[in-house]
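# A look at the structure
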Amino acid sequence: GPLAARRRDGGIALDFPLNPPQSIPAPTAVLAAAGLSNRMTAAYSPATRKLLVEVPDFTALQALEPDFPALRQAGAEVEIRGLIVTTRGAAPFDFSSRYFAPWVGVNEDPVTGSAHTVLAPYWATRLEKREMHAHQASPRGGELHVRLTAENRVELLGRAVIVVEGKLFVTLPPQN
């Protein structure tokens, strides 16, 4: 669907759909390939096909070194397009995460808007908050302000750097 972006508060605000995850048995092959314990709990967003796993602390999150070829092979238990690994954040952050998507050709994404459409409802429930400060702990990393809106959507606010500018022309087929 449409993705609205606008300048706000010195950054770019993006309006996304809300994609709450549902608890599922943790897929052991994915956990093993990601270097995670097989005793982890997991949640899955069917709309985004993203698997979410919470680790106990930031040290565990930072230490992750997934085996990407093995991870690509480990999607048989659940159809996965991305793996979100998350933990409660250290001040000033409410939560931190990393996002791995070798199934779509991205080993680790630096800052992932679509992952936060799953993280926002997950952490909103756990923290009993509708506005949160998030940190994506990839090597390049970034931070976002995340807000669940009254319309059951997720607003992400962050800073961005323009690396390419251009125009996109779309030709629609004639209407019958």
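Moving on, we get to a nonpolar patch on the surface. A cluster of nonpolar side chains, contributed by Leu168, Val170 and Leu172, occupies part of the molecular surface with about 390 Å² of accessible area. Looking at where Leu168 falls in the secondary structure, it is placed in the segment after strand E11 (153–158).

As a further point, take the nonpolar core. Membership of the largest hydrophobic core comes to 23 residues, with the highest contact counts inside it found for Leu36, Val53, Leu71, Leu83 and Val85. Taken together, the elements giving at least two residues each to this core come down to helix H1 (28–34), strand E4 (42–45), strand E5 (50–54), helix H3 (68–73) and strand E6 (82–88). For this core, the leading source of residues is H1, giving four residues. Counting 22 residues, the second-largest nonpolar core is a separate cluster that includes Ala43, Ile84, Phe95 and Ala134.

Outside of glycine, negative phi angles account for most residues, and trans bonds account for most peptide bonds. The step from Ala91 to Pro92 runs through a cis peptide bond, and the omega angle for that step is 15°. The phi torsion at Asp9 lies on the positive side, around 50°, for a residue other than glycine. The exposure class assigned to Asp9 is exposed, which follows from its relative accessible area of 58%. One non-glycine residue, Glu128, lies in positive phi territory at about 55°. Tracing the backbone shows Glu128 in the loop between helix H4 (113–127) and strand E9 (131–136). With relative accessibility at 74%, the residue Glu128 sits in the exposed group.

Quick notes on the rules
- Each chain carries its own residue numbering, running from 1 in the direction its sequence is written.
- Confidence filtering applies because this is a predicted model: local features only for residues at pLDDT of at least 70, side-chain atom pairs given and counted only at 80 or more, and all residues used for totals across whole chains, interfaces and linings.
- Only hydrogens and water are set aside when side-chain values are computed; all heavy atoms of the structure are taken into account.
- Think of a patch as exposed residues, more than 30% relative accessible area, with no salt bridge, where like charges cluster within 9 Å and nonpolar side chains (Val, Leu, Ile, Met, Phe, Trp, Tyr) cluster within 5 Å.
- Surface exposure here means Shrake-Rupley accessible area, sampled with a 1.4 Å probe, where a residue is shielded only by the protein chains that are shown.
- The working definition used for a salt bridge is a side-chain nitrogen of Lys or Arg within 4 Å of a carboxyl oxygen of Asp or Glu.
- Numbering goes from the N terminus for both helices and strands, where a helix is a DSSP run of H or I of at least four residues and a strand is a run of E of at least two.
- Working definition of a nonpolar core: buried Ala, Val, Leu, Ile, Met, Phe, Trp, Tyr and Cys residues. They are joined through side-chain atoms within 4.5 Å.
- Burial classes: relative accessible area under 20% of the type maximum marks a residue as buried, over 50% as exposed, and values in between as partly exposed (1.4 Å probe, protein chains only).

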